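Chains, contacts and geometry: an overview
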Amino acid sequence: MEKQQQSQLQSVYNPKIVEDHWYQFWLENDLFTARENKDKRKNYSIVMPPPNITGSLHIGHALNNTLQDIIIRWKRMQGYNVLWLPGTDHAGIATQNVVEREIAKEGKTRYDLGREEFTKRAWQWREKYGSNILNQLKKMGCSCDWSRLRFTLDEGLSKAVRKVFVTLYQEGLIYRSNYVINWCPRCKTALADIEVEQREENAKLYYVIYPLKESVEETIVVATTRPETMLGDTAIAVNPKDKRYEKYIGKIAILPLVGRELPIVADDYVDPEFGTGAVKITPAHDLNDFELGKRHKLEEINILNDDGTTNQNAGEYINMTALECRKKVLEDLKDKGYLKKVENYKHSIGHCYRCDTVIEPYLSKQWFVKIKDLAKPAIDAVESNETSFIPKRWSKVYFEWMYNIRDWCISRQLWWGHRIPVWYCKDCGEMMVRMEDPSECSKCHSKNIVQDKDVLDTWFSSALWPFSTLGWPEQTPDLEEFYPTSLLVTGFDIIFFWVARMMMMGIKFRGDIPFEKVFINPLIKDIEGKKMSKSKGNVIDPLLMIDQYGADALRMTLAALTIQANYIRLSKDKIETFRNFTNKIWNVSRFSLTHLEEFNPQEVKKENLEFSLFDEWILNQLNQTIKKVSDSLQNFKFSDAAMAIYEFTWNYFCDWYSKELILAKFIS
RNA sequence: GGGCGGGUAGCUCAGUUGGGAGAGCACUGGCUUUACAAGCCAGGGGUCACAGGUUCAAGCCCUGUUCCGCCUACCA
């Protein structure tokens, strides 16, 4: 109180004194906790997109959570039974990388520590830093139900993961297979297709001469962008309709430098127009080659170790990185006259979305989700508007991916995450997929069993978030009340990663959509339209902005900027505009208080009130503003809602109405 | 190759049944007006990318062109 009186003397609003005080007040009075819905009010629920435990609050989180908080508080005001459930994501690769960097400072690798000790360290890390971002959300003023805080590795959520895995396996929707997947040689793990970022780069197309076995005079020339993979070649393919190569089909070519005999096969996959119309086939290092190899029963020769270096199958080219190997292979090809020509060539190269390392297509045994059957009802749900995207156009993006969806590689060669609930008997080879850890082989009763070493893709557990957080697989009251959730607010960059998968899993395991509406919030760029990044030095740190201008100024800015576009541009200037707005409210409040010294609302009798023309006018404006704000929020037009409040407050209330008060005072 | 979004004031952008061209910032001029100079009052500024079409009427609907941005695809 003393503090408040002091600040009342100042003409400049000081949010620091106010904001922490009120957040404390809200917490102490337990105003964010969802209660048992005794009076059967309508429910309104949002599960927060869980930030990674490695993250600290960036401006994107600030926007995303501000918008959720606006909707949540508005619904609370409207009398709904509201739940906003917060939580964090264990973020497999990201967290593992962070912890690896930390132990690297001690000169150790995760292999020095061993799996058990390493995961212990990861847990310690999360205890220490994992809630940083949540405290930062409190600074933002987010009114989440902290009593229901969840983490993807919580016991309950882990149980949900197992339940889903085991069920899908039993239904034949999860399978294990040898397949060419995307391999990050730095993270040393498989990645799903969408975890690979394709970038077009300038490269070379190498034309390599392969002699025929029957007659050294005759040769066949193939074009390749990755000459080093020739060490794993097991065939050459041509199009069956290609007259040029008709006579070679069924003959044998000799792999230069290695001497391996390669059958020349005919396959429709080959485009006669491209390159020379003849393709080298490397089944272990190219997906198309792999599938072609299956059709022609070709040998699969894996020439890479898990760190991307060449293995013993590379013969004399062993223990080189892909680039070193390429260089050496090219030199030797040139020396021996096998390199016909080199052309400049632009094509896209895949990079790891976590560490940007070039991805190697790599043959290995992985777990997959058979996804087409799961996708179908998830497509139907959006087509029938059970779940609708706002803005509408994003449903097209969703459909595009869902119609062309491919099986999802869910195993990761990491240590941090949900371990795959599969055990193998080392004696009889039996495989057991279980909810509970088995103690012996169910077939031969041997105790000599081991659990699958891999963990699940982080997005596998995120896919269950809307119901695992509410207690599933237990049948809880929360699940009953709040599923399906009302709204999801997220960015378009994770429609495939997350939104689509929640749709599939929600429908599969709850028999109902996970959310009724999906509002796709814009992504924030700097004022020049560039992506914010630490290296460019153009980041706007929300915590710094709160410190300088106050959380309300920041939130008002973000709301006012939120139009239904893909991107919005933010600058400090824009935040200052709304800092001025908070200051305006402060000052008009000070002004009003001086006129209300003897005013006691308790003593006012409604029927005795007399309104002047100006009173009527401002009340009319107020009601129109309330309607405008409600209509705008109903349609997720955050900017319109914010600007309506801005206009009413500044133009109508301050510039007109309060001035009339002064005038009236002068006259009387 | 396929798809999507966008080109409105100097800058960032609104503009949802087709009829008024708008906001914030920036700019110009004037204000020690008893809540606020982070403010008040007044003001300048736009061939709504381009070309056609529909209409009494087009920033908005249709067709084409062009320029930017993004997503996606196994052409080695």
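Residues numbered from 1 in each chain as written. Chains lettered and ligands numbered in written order. Predicted model: local features only at pLDDT ≥ 70, side-chain atom pairs only at ≥ 80, totals over all residues. Heavy atoms only, no water.

Before going further, it helps to spend a moment on the environment of L414. Tracing the backbone through its elements, the reader meets L414 in the loop between strand 17 (411-412) and strand 18 (422-425). Residue L414 is classed as buried on the basis of its relative accessible area, which comes to 3%. Dropping the residues within four chain positions of it, L414 is found in contact with G92, I93, Q96, R115, C187, T189, K453 and V455. (Helix = DSSP H or I, 4+ residues; strand = E, 2+ residues; numbered from the N terminus. Buried < 20%, exposed > 50% of the residue type's maximum accessible area, 1.4 Å probe, protein only. Contact = heavy atoms within 4.5 Å.)

Next up on the list: the environment of R121. Among the secondary structure elements, R121 is positioned in helix 6 (residues 115-129). Residue classification places R121 among the buried positions, given a relative accessible area of 16%. Between the C-alpha atoms of R121 and R150, which are 29 residues apart in sequence, the distance is 20 Å. Each residue touching R121, except ones within four places of it in the same chain, is listed here: V99, E102, I103, E106 and L113.

Time to look at the pattern of salt bridges. Scanning all chains against the criterion turns up 34 salt bridges. Ionic pairing is found between R226 and E360, a salt bridge with its closest N-O pair at 3.3 Å. One end of the pair, R226, is in the loop between strand 8 (219-224) and strand 9 (235-238); the other, E360, is in strand 14 (residues 360-369), and 134 residues separate them in sequence. Note that D380 is salt-bridged to K376, the shortest N-O span being 3.1 Å. One end of the pair, D380, and the other, K376, are both in helix 11 (residues 372-383), 4 residues apart, so they sit about a helical turn from each other. Of the residues examined, D380 reaches a relative accessible area of 31% and is grouped as partly exposed. Judged by relative accessible area, which is 49%, K376 ranks as partly exposed. Salt bridges linked by common partners bring D69, R73 and R555 together as one network. (Salt bridge = Lys/Arg side-chain N within 4 Å of Asp/Glu carboxyl O.)

It is worth spelling out helix 9 (residues 287-296) at this point. Those residues of helix 9 not exposed but buried are D289, F290, L292 and G293. Buried residues of helix 9 fall within an arc of 165° about the axis and therefore sit on the same side. The N-cap residue of helix 9 is D286: its side-chain oxygen and the backbone nitrogen of N288 are 2.9 Å apart. Positive backbone phi, approximately 55°, marks K297, located one or two places after helix 9. (Arc of directions from axis to C-beta. Polar contact = N/O pair within 3.5 Å; in protein donor to acceptor, adjacent residues only side chain to side chain.)

Summarising burial for helix 18 (residues 551-561): 10 of the 11 residues are buried, a large majority. Every buried residue belonging to helix 18 is among A551, A553, L554, R555, M556, T557, L558, A559, A560 and L561, and all of these are buried.

Every other side chain in a regular strand lies on the same face of the sheet, so the side chains alternate between the two faces. With 7 of 7 residues buried, strand 22 (residues 485-491) is to be regarded as a mostly interior element. Bridge count for strand 22 against strand 23 (residues 515-521) is 6 bridges, and the pairing is parallel. Within the sheet, the bridge partner assigned to V489 lies in strand 23 and is F519. In terms of handedness, the path from strand 22 via helix 16 (residues 495-510) over to strand 23 forms a crossover that is right-handed. (Pairing = 2+ DSSP bridges. Right-handed = clockwise from strand over helix to strand, strands pointing away.)

This paragraph deals with the protein's contact with RNA strand B. Taken together, 38 residues surround RNA strand B, and among them D271, Y345, K574, R579 and R590 come closest. When the atoms of RNA strand B within 4 Å of the protein are sorted by group, sugar and phosphate make up 57%. Ranked by residues supplied to the surface near RNA strand B, first place goes to helix 19 (residues 572-595) with 10 residues. Among the residues forming the surface near RNA strand B, the class breakdown is 15 nonpolar, 11 polar and 12 charged. (Near = heavy atom within 4 Å. Nonpolar A, V, L, I, M, F, W, Y, C, P; charged D, E, K, R; others polar.)

Judged by pairing direction, the sheet is antiparallel, and its 3 strands sit side by side in the order 8-7-13 without closing on themselves. Sheet topology places strand 8 and strand 13 (339-352) at the edges, where each strand pairs with a single neighbour. The sheet shows a mean angle of 20° between the axes of neighbouring strands, taken without regard to direction. (Axes fitted to C-alpha atoms, helices over the stretch in contact; angles between N-to-C directions.)

Examined at the domain level, chain A breaks down into domain 1 (32-163 + 458-521), domain 2 (191-360) and domain 3 (600-667). If you average the C-alpha positions of domain 1 and of domain 3, the two centres end up 39 Å apart. With 7 residues of domain 1 at the contact, the number on the domain 3 side is 5 residues. Together, the buried faces of domain 1 and domain 3 total about 690 Å²; carbon and sulfur atoms form 81% of this surface. Three residues, I71, W74 and F519, lead the burial of domain 1 against domain 3; their summed loss comes to 58% of the area buried on that side. For the pair domain 1 and domain 3, the interface holds 0 residue pairs in polar contact (both at pLDDT 80 or more). Broken down by secondary-structure element, the contributors of at least two residues to the side of domain 1 that touches domain 3 are helix 3 (59-77) and strand 23. Residue composition of the side of domain 1 that touches domain 3, by class: 6 nonpolar, no polar and 1 charged. (Domains from an automatic or database assignment. Buried area = accessible area lost by both parts, 1.4 Å probe.)

A pair of packed helices can be characterised by two numbers: the angle between their axes and the separation between those axes. The geometry of helix 3 relative to helix 18 is characterised by a closest axis approach of 9 Å and an angle of 85° between their N-to-C directions. Classified by the angle their axes make, helix 3 and helix 18 are roughly perpendicular. Contacts between helix 3 and helix 18 involve I59, A62, L63, T66, D69, I70 and R73 on the former and, on the latter, L554, R555, L558 and A559. Across the contact of helix 3 with helix 18, the residue classes tally to 7 nonpolar, 1 polar and 3 charged. (Parallel < 35°, antiparallel > 145°, perpendicular 65-115°, else oblique.)

Of all hydrophobic cores here, the largest spans 68 residues; its most connected members are F165, Y398, M402, F460 and M505. Residues in contact with Y398, not counting those within four places in the same chain, are A378, I379, V382, F389, I495, A500 and M503. (Core = buried A, V, L, I, M, F, W, Y, C linked by side-chain atoms within 4.5 Å.)

It is worth spelling out the sheet that holds strand 5 (residues 174-184) at this point. Across a sheet, paired strands are connected by hydrogen bonds in the backbone, their directions being either parallel or antiparallel. Read across the open sheet, the 4 strands follow the order 6-5-14-16; overall the sheet is antiparallel. Of all strands in the sheet, those with a lone pairing partner are strand 6 (189-191) and strand 16 (408-409), marking the two edges. Across 2 bridges, strand 14 lies against strand 16 in antiparallel orientation. Its bridge partner being in strand 16, V369 is matched across the sheet by W408.

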